[in-house]
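Tertiary structure, described
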Number of protein chains: 2
Amino acid sequence: MSPHTSPEHGKEGGAVCPMDYILRMLMGPWTTYIVYNLRTFGPQRFGELKRRVGGISAKMLTERLRTLEGAGLVRRDYEPTIPPKVTYSLTHRAHELDEVLDKLAQVARRWQAEDAAARTLKAAE
Amino acid sequence: MSPHTSPEHGKEGGAVCPMDYILRMLMGPWTTYIVYNLRTFGPQRFGELKRRVGGISAKMLTERLRTLEGAGLVRRDYEPTIPPKVTYSLTHRAHELDEVLDKLAQVARRWQAEDAAARTLKAAE
DNA sequence: CCGGTTGGTTACGATTTGGTACCTACTGGA
DNA sequence: TCCAGTAGGTACCAAATCGTAACCAACCGG
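Residues numbered from 1 in each chain as written. Chains lettered and ligands numbered in written order. Predicted model: local features only at pLDDT ≥ 70, side-chain atom pairs only at ≥ 80, totals over all residues. Heavy atoms only, no water.

**Observations regarding the protein's contact with DNA strand C**
- If you check the shell around DNA strand C, you find 20 residues, and the closest are Pro29 and Lys59 of chain A together with Arg66, Arg76 and Tyr88 of chain B.
- In this structure, a base oxygen belonging to DNA strand C sits 2.3 Å away from a side-chain N or O atom of lysine 59 of chain A.
- Contact distances for DNA strand C include 3.1 Å between a phosphate oxygen and a backbone N or O atom of valine 86 of chain B.
- Those elements that place two or more of their residues in the surface near DNA strand C are helix H4 (58–70) of chain A together with helix H3 (46–53), helix H4 (58–70) and strand S3 (85–90) of chain B.
- Per-class residue counts for the surface near DNA strand C are 10 nonpolar, 4 polar and 6 charged. (Near = heavy atom within 4 Å. Polar contact = N/O pair within 3.5 Å; in protein donor to acceptor, adjacent residues only side chain to side chain. Helix = DSSP H or I, 4+ residues; strand = E, 2+ residues; numbered from the N terminus. Nonpolar A, V, L, I, M, F, W, Y, C, P; charged D, E, K, R; others polar.)

Below is the structure:
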């Protein structure tokens, strides 16, 4: 079995993790930064997003956005002007994750603070 | 910049996503299954876990468990009996994610149901 | 003394991944 | 006239990833 395909072990004893799909989505490289930027700064154009994420290649950004679009988390608005103008925004479905993501970020910040404190303590020894 | 290292762009304009650290942890291959099994069936021995996750190689399981241990999410209890007995369990810190994971699973199940309904609708057309 | 058990480790190798460089087509500015 | 910017697409290539298979240590039962 390939590693990233969902096991789909129908009758195998193992239990299937229901949130696997969502985590698989959020987990792709750069994805958290993209979603975080869209959540923080609102709808943005391709170049703007690329500049803001900082370090991502156009190829990667395109691929990630396409995947997110396919998952129904991102909407792509294409205006065929010259030069073209493409705006990306989070869908209603993506915003269903707001509460979860906020809680997650809260925990993350607490852990970061704790770890920083622990490191300071150890450094002082 | 390597893709999976956190950007750490100190002064670059991009905002750092605080939950990146946690997602980076939960996102590794197989990790969700491992955590899900530990959450569902409680502390388990290595072989038990391996059997239950189904399809994972010993190498991968070891590596994932070591990483989770390093992140403080999993505790490893080693009893040097012959044959050795190693039990893995979730730490207190891991259980701080319970609420978030439950909410996430809730959303995941809703989406799954919605998508299934949509597919049924489309198939009936 | 041979095989079985547990919980790994190590080497190798194929596949996947993701970055770089280069291409489009069009326009506006110097 | 030449260059820059916009939103990508494509080819190529190096590097990381992950599975497979082999091995190991220690002891116990037969």
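**Observations concerning the pairing of S3 of chain B**
Residues and elements named next belong to chain B.
- Extensive coverage of S3 is indicated by the burial of 5 of its 6 residues.
- In this sheet, S3 lies alongside strand S1 (residues 44–45) in antiparallel orientation, the contact comprising 2 bridges. Counterpart to glutamine 44 in the pairing with S3 is tyrosine 88.
- As paired strands, strand S2 (residues 74–79) and S3 are joined by 6 bridges and run antiparallel to one another. Paired with arginine 76 across the strands is tyrosine 88, a residue of S3.
- The antiparallel pairing of S2 with S3 creates a hairpin that spans 5 residues between the two strands. (Buried < 20%, exposed > 50% of the residue type's maximum accessible area, 1.4 Å probe, protein only. Pairing = 2+ DSSP bridges.)

**Describing the protein's contact with DNA strand D**
- Taken together, 20 residues are adjacent to DNA strand D, and Arg45, Arg66, Arg76 and Tyr88 of chain A together with Lys59 of chain B come closest.
- Restricting attention to atoms of DNA strand D within 4 Å of the protein, one finds that 78% of them are sugar or phosphate atoms.
- Arginine 45 of chain A is positioned such that a nitrogen or oxygen atom in its side chain is 2.5 Å from a phosphate oxygen of DNA strand D.
- Within the side chain of lysine 59 of chain B, one N or O atom sits 2.2 Å away from a base oxygen of DNA strand D.
- Elements supplying a minimum of two residues to the surface near DNA strand D: helix H3 (46–53), H4 and strand S3 (85–90) of chain A together with H4 of chain B.

**Considerations on the packing of aromatic side chains**
- Scanning the model with the defined rule gives 2 aromatic pairs over all chains in all.
- One cation-aromatic arrangement involves arginine 52 of chain A over phenylalanine 41 of chain A; the distance from NZ or CZ to the ring centre is 4.0 Å. (Phe/Tyr/Trp six-rings, centres within 6.5 Å; stacked < 30°, edge-to-face > 60°. Lys NZ or Arg CZ within 6 Å of the ring centre and 35° of its normal.)

**As for helix H6 (residues 98–124) of chain A**
- An ideal rise of 1.5 Å per residue puts 39 Å on 27 residues; H6 of chain A measures up with 39 Å between its terminal C-alpha atoms.
- Those residues of H6 of chain A not exposed but buried are Val100, Leu101, Leu104, Ala105, Val107, Ala108 and Trp111 of chain A.
- Those residues of H6 of chain A hidden inside the fold are in contact with helix H1 (20–27) and helix H2 (31–41) of chain A together with helix H1 (20–27), helix H5 (92–95) and helix H6 (98–124) of chain B. (Expected span 1.5 Å × (residues − 1). Contact = heavy atoms within 4.5 Å.)

**Some thoughts on the packing of H6 of chain A against H1 of chain B**
- Relative orientation of the contacting elements H6 of chain A and H1 of chain B amounts to 100°, with a least axis distance of 8 Å. Classified by the angle between their axes, H6 of chain A and H1 of chain B sit roughly perpendicular to one another. Every residue of H1 of chain B that contacts H6 of chain A at Leu104, Val107, Ala108 and Trp111 of chain A is listed here: Tyr21, Ile22 and Leu23 of chain B.
- Of the residues that constitute the contact of H6 of chain A with H1 of chain B, the class distribution is 7 nonpolar, no polar and no charged. (Axes fitted to C-alpha atoms, helices over the stretch in contact; angles between N-to-C directions. Parallel < 35°, antiparallel > 145°, perpendicular 65-115°, else oblique.)

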